[in-house]
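Overview (structure and organization)
One-letter residues, chain by chain:
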Amino acid sequence: MNNAAIGVFDSGVGGLTCVKELARLMPNENIVYLGDTARVPYGTKSKELIAQYGRQDIKFLEQHNVKMVLVACGTVSSVLMTTPIFEGTSITEFSGVIYPAVHAACASTQNNRIGVIGTPATIRSGCYGKAIHEMKPDIKVVGKACPMFVPLVENGYTSPDNRVSKLIAQEYLEVMIREKVDTLILGCTHYPMLKDVIAEVMGEGVKLISSGAEVAKHAQKILSFNDALSDREQNGTLELYCTDSVELFAENVGAFLGNNKNITISKCSLAL
Ligand code: DGL
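Residues numbered from 1 in each chain as written. Predicted model: local features only at pLDDT ≥ 70, side-chain atom pairs only at ≥ 80, totals over all residues. Heavy atoms only, no water.

**Overview of the overall build of the protein chain**
Formally: Helix and strand assignments come from DSSP, with helices taken as H or I runs of at least 4 residues and strands as E runs of at least 2, each series counted from the N terminus. Categorising residues by exposure relies on relative accessible area from a 1.4 Å probe, with only protein chains included: less than 20% of the type maximum marks a residue as buried, more than 50% marks it as exposed, and the intermediate range marks it as partly exposed. Here, residues are in contact when the closest pair of their heavy atoms is within 4.5 Å. All accessibility values rest on the Shrake-Rupley procedure with a 1.4 Å probe; residue burial counts only the protein chains present in the view. Charge counting treats Lys and Arg as positive and Asp and Glu as negative, with His and both chain ends excluded. Charged groups are reduced to one reference atom each: NZ for lysine, CZ for arginine, CG for aspartic acid, CD for glutamic acid.
On a plain count of helices and strands, the protein chain comes out with 11 helices and 10 strands. Expressed as lengths along the three principal axes of its C-alpha atoms, the size of the protein chain is roughly 45 × 40 × 40 Å. Taken over 272 residues, the protein chain has a buried fraction of 55%. When contacts within the protein chain are restricted to residue pairs at least 6 apart in sequence, those whose partners lie at least 24 apart make up 79%. Approximately 12,000 Å² of the protein chain is accessible, and the part contributed by carbon and sulfur atoms is 50%. When the 25 positive and 28 negative side-chain charges of the protein chain are each reduced to one mean point, those points stand 5 Å apart.

Put into structure tokens, the structure is as follows:
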């Protein structure tokens, strides 16, 4: 048993797709979340800068004595595949989103055609394709960077009938329809907030995999295996931190997580 909090971070609000699933699966766990809203997006930056930002985010969570860290950012997770960004920290239990999402996608596909959408950095790294082929070498992987999705989400353009979001989704996803993928990995944790729009464009019969939700399921398995789940009887707390305006962040949080009295939101600065 371990009652320390689970640490989660992302460049912005996207990692809340992981938090929502964590809270559903393990309501009695405390969660500390960092959204680096002052520096979002990460996905258009270089690998070196993304690694540096990731290390600073991890240091922040380390100060909160968390029992594990979930990298609820597809972009930092893609860097984590080749760069040991946890080295030199006291965090020994951590996970990125890539492998949990890939497991779910490989289990879901019937026609062996998987689509992956993500930030430019994630798609450029080819990390999803590598992980999928380690698991199932004969799968056709179709990748597509969707850089305009993150600003749409950060600015609240998530309603299913938003014309701008729909048009952009049609443009980005055309290749996925042409390539007849039956499973689409939402490889950036912001994208599930556009799930309704994406589902409508992709049509019925295409399974959408939320990388944020999958890493939350994976975390539950790890904590349970390590006998490190909380034995708290009441609901856990959700401490949210952002590096820019609390007001703006709170709007997005409210729209996505709803009102919950256990949520606190504060502004923080990161040690650089
Ligand atoms: N939520 C992010 C991801 O999963 C980051 C998007 C960004 O900062 O560009 O990649």
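**Quick notes on the site of the ligand**
What counts is decided by this rule: Nearness is judged by heavy atoms alone; a residue qualifies as near a molecule or strand once a single heavy atom is within 4 Å of it. Polar contact criterion, stated in full: a pair of N or O atoms within 3.5 Å, where within protein one must be able to donate a hydrogen and the other to accept it, and residues adjacent in sequence count only if both atoms are side-chain atoms. In this classification, Asp, Glu, Lys and Arg are treated as charged, Ala, Val, Leu, Ile, Met, Phe, Trp, Tyr, Cys and Pro as nonpolar, and every other residue, Gly included, as polar.
By nearness alone, 14 residues border the ligand, and Ser11, Tyr42, Gly74, Thr75 and His190 come closest of all. In this structure, an oxygen atom belonging to the ligand sits 2.6 Å away from a side-chain N or O atom of Ser11. At a separation of 2.6 Å, an oxygen atom of the ligand approaches a polar backbone atom of Tyr42. Relative to its unbound accessible area of 300 Å², the ligand is 99% covered by the protein chains. A breakdown of the residues in the shell around the ligand according to their chemical character gives six nonpolar, seven polar and one charged.

**Details of helix 11 (residues 246-257)**
Think of an α-helix as turning once every 3.6 residues; residues three or four places apart then point the same way. Heads up, the rule is: In this analysis, the expected span of each helix is defined as 1.5 Å times one less than the number of residues it contains. When we speak of the arc, we mean the arc of directions from the helix axis to the C-beta atoms.
Here helix 11 spans 15 Å end to end across 12 residues, near enough to the 16 Å set by a 1.5 Å rise per residue. Those residues of helix 11 that fall on the buried side of the exposure criterion are Phe249, Asn252, Val253 and Phe256. Around the axis of helix 11, the buried residues are gathered within 100° of arc, so they sit on the same side. Among the exposed residues of helix 11, those pointing more than 90 degrees away from its buried face are Glu247, Glu251 and Ala255. Taken together, the buried residues of helix 11 touch helix 1 (16-25), strand 2 (31-35), helix 7 (149-154), strand 9 (238-242) and strand 10 (263-267). The opening residue of helix 11 is Ser245, an N-cap whose side-chain oxygen sits 3.3 Å from the backbone nitrogen of Glu247. Directly after helix 11, the chain includes Gly258, whose backbone phi takes a positive value near 75°.

**Observations regarding the sheet that holds strand 6 (residues 140-145)**
Put simply, the rule reads: When DSSP locates at least two bridges between a pair of strands, those strands are taken to pair. Lines fitted to C-alpha atoms define the axes here, with helix axes fitted over just the stretch in contact, and angles between the N-to-C directions of these axes take values from 0 to 180 degrees.
Spatially, 6-5-7-8 is the arrangement adopted by the four strands of the open sheet, whose pairing is parallel. Two strands bound the open sheet, and with one partner strand each, they are strand 6 and strand 8 (207-210). The sheet shows a mean angle of 20° between the axes of neighbouring strands, direction not considered. As judged from the six bridges shared by strand 5 (residues 113-118) and strand 6, these two strands associate in the parallel manner. Bridge pairing in strand 6 links Arg113 to Lys140.

**Quick notes on the sheet that holds strand 2**
Read across the sheet, six strands follow the order 4-3-1-2-9-10 without closing on themselves; strand pairing throughout is parallel. A strand with exactly one partner marks an edge of an open sheet, and here the two such strands are strand 4 (94-95) and strand 10. Helix 10 (residues 211-225) contacts strand 1 (6-10), strand 3 (68-71) and strand 4 of the sheet and is inclined by roughly 160° relative to strand 3.

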